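Residue strings, one per chain:
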Amino acid sequence: MRIDQLAALVEVAKSGSINSASKKLHVTQQSLNKSLKSLENEMNCHLLDRTKKGIRLTADGEKVLSAAQDIISRLNKLERELNLKQHADTSLHGNLNVNLSPMLNISVLPVAFKDFISHYPEVNLFTAERYRDQILERCLTHQELGLLCVSPLITEFFDNIPDEIELIPMKQYPIYVAVSAGHPLADHKSLSVSTVAHYPFVVYEIGGTGGVHAFQKLGHTKVALSTNNYKLCEEILRNDTAIMYSFPPYLERNVFPTLVHIPIKDKQATFTIYAALNKKMDKNQLSLARAFIHVFNEYL
């Protein structure tokens, strides 16, 4: 059994005809038929029924097709992993500590982390979920990298950025809210700030009673819970009329999949992703930080 035989079966099943499959595979129909017949002989079963309407897989053909798709998928994955390993950058080495806003930690970080360690195997990467003021503190006192999700409406945050910190804007997103499927707002295509203000708010980003969030800058909202426990957020939203902040990466990365995510139509309601760096970072740490920022930015 050869991979090209399995690939031929997959393409025939997808195309529904020998003629179409042969064109896609850039082989003659005679060659394709011969390959499929050889596969049937090796498997000792009949894989295809040829009808006036085209090609149809037999029951055995369906089983072999499923196995063929699995084998090809595994080989493609292995090829990608080996290619990454071959092109890994070993010139960067050392330890990098990254502090992230909770919303980024559960959405963008998992995919960026995997990509980064594949490209830079000599770098030891450590991450921690923190709140925005704590992130700046770690950047200032420990020369660590910070990645923040902050609304530009929180002016007091930007007014108090230490001079030693460089804040680099990466991408801006519209603010969404997440609600349970049974919530009164669940069937809306978009929402105004005044509408969501009638519902208790769960803030998955700010810790403590002194935190300020975006909608408090646009209108009165009652914060029912402020936490970085995403399971608790999910449970409260599932069984209550509460609402919670969301943004496009949640939808793209299938975060909180049981909830409905609805955009806010106010143009001021945005989140911006920032990277925070200490301007006095040593050269190696700065190289590590900028390498991670580059990879992370690819997934925003």
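Everything here concerns the structure above.
Not measured: the values here are computed from a predicted model.

Here is what the cut-offs are and how they apply
- Residues numbered from 1 in each chain as written.
- Predicted model: local features only at pLDDT ≥ 70, side-chain atom pairs only at ≥ 80, totals over all residues.
- Heavy atoms only, no water.
- Helix = DSSP H or I, 4+ residues; strand = E, 2+ residues; numbered from the N terminus.
- Buried < 20%, exposed > 50% of the residue type's maximum accessible area, 1.4 Å probe, protein only.
- Pairing = 2+ DSSP bridges.
- Axes fitted to C-alpha atoms, helices over the stretch in contact; angles between N-to-C directions.
- Contact = heavy atoms within 4.5 Å.
- Phe/Tyr/Trp six-rings, centres within 6.5 Å; stacked < 30°, edge-to-face > 60°.

Engineer: I'd like to hear about unusual backbone geometry, residue by residue, with values.
Structural biologist: One non-glycine residue, Gln143, lies in positive phi territory at about 55 degrees. Mapped onto the fold, Gln143 is located in the loop between helix 7 (132-142) and strand 5 (145-150). Overall, the relative accessible area of 28% leaves Gln143 in the partly exposed class. Backbone geometry places Asn254, a non-glycine residue, at a positive phi of 60 degrees. Topologically, Asn254 is positioned in the loop between helix 11 (248-252) and strand 11 (260-263). Under the relative-accessibility criterion, Asn254 is labelled exposed at 56%.

Engineer: Break down the sheet that holds strand 12 (residues 270-278) for me, citing the residues and quoting the values.
Structural biologist: Adjacent strands of a sheet pair through backbone hydrogen bonds, lying either parallel or antiparallel. With mixed pairing, five strands are arranged side by side in an open sheet as 4-3-5-12-6. For this open sheet the edge positions go to strand 4 (123-129) and strand 6 (165-174), each flanked by a neighbour on one side alone. On average, each strand axis in the sheet is inclined to that of its neighbour by 20 degrees, with strand direction left out of account. The pairing of strand 3 (residues 94-100) with strand 5 spans three bridges and is parallel. Across the sheet, Val98 pairs through a bridge with Leu145, a residue of strand 5. Where helix 6 (residues 109-119) meets the sheet, its contacts fall on strand 3 and strand 4, and the angle it forms with strand 4 comes to roughly 170 degrees. Most of the contacts of helix 12 (residues 283-298) go to strand 3, to which it runs at about 50 degrees, and overall it touches strand 3, strand 4, strand 5, strand 6 and strand 12.

Engineer: Explain the sheet that holds strand 9 (residues 223-226) residue by residue, including any values.
Structural biologist: Within the open sheet, the five strands sit side by side as 9-8-10-7-11. Their pairing is mixed. Because the sheet does not close on itself, it has two edges, and the strands there are strand 9 and strand 11. Looking at each pair of strands side by side, their axes are set apart by 35 degrees on average, direction ignored.

Engineer: Help me get a handle on the packing of aromatic side chains, residues and values and all.
Structural biologist: The final tally for this structure, using the stated rule, is 15 aromatic pairs. Taking the centre distance of 5.2 Å and the plane angle of 70 degrees together, the rings of Phe116 and Phe292 count as edge-to-face. Of this pair, Phe116 sits in helix 6 while Phe292 sits in helix 12, and the two are 176 residues apart along the sequence. Given a relative accessible area of 0%, Phe116 falls into the buried group. Ring geometry for Phe201 versus Phe215: centroids 5.4 Å apart, planes at 85 degrees, classification edge-to-face. Of this pair, Phe201 sits in strand 8 (residues 201-203) while Phe215 sits in the loop between strand 8 and strand 9, and the two are 14 residues apart along the sequence. Of the aromatic side chains, those joined through ring pairs into one cluster are Tyr173, Phe201, Tyr204, Phe215, Tyr230, Tyr245, Phe247, Tyr250, Phe256 and Phe271.

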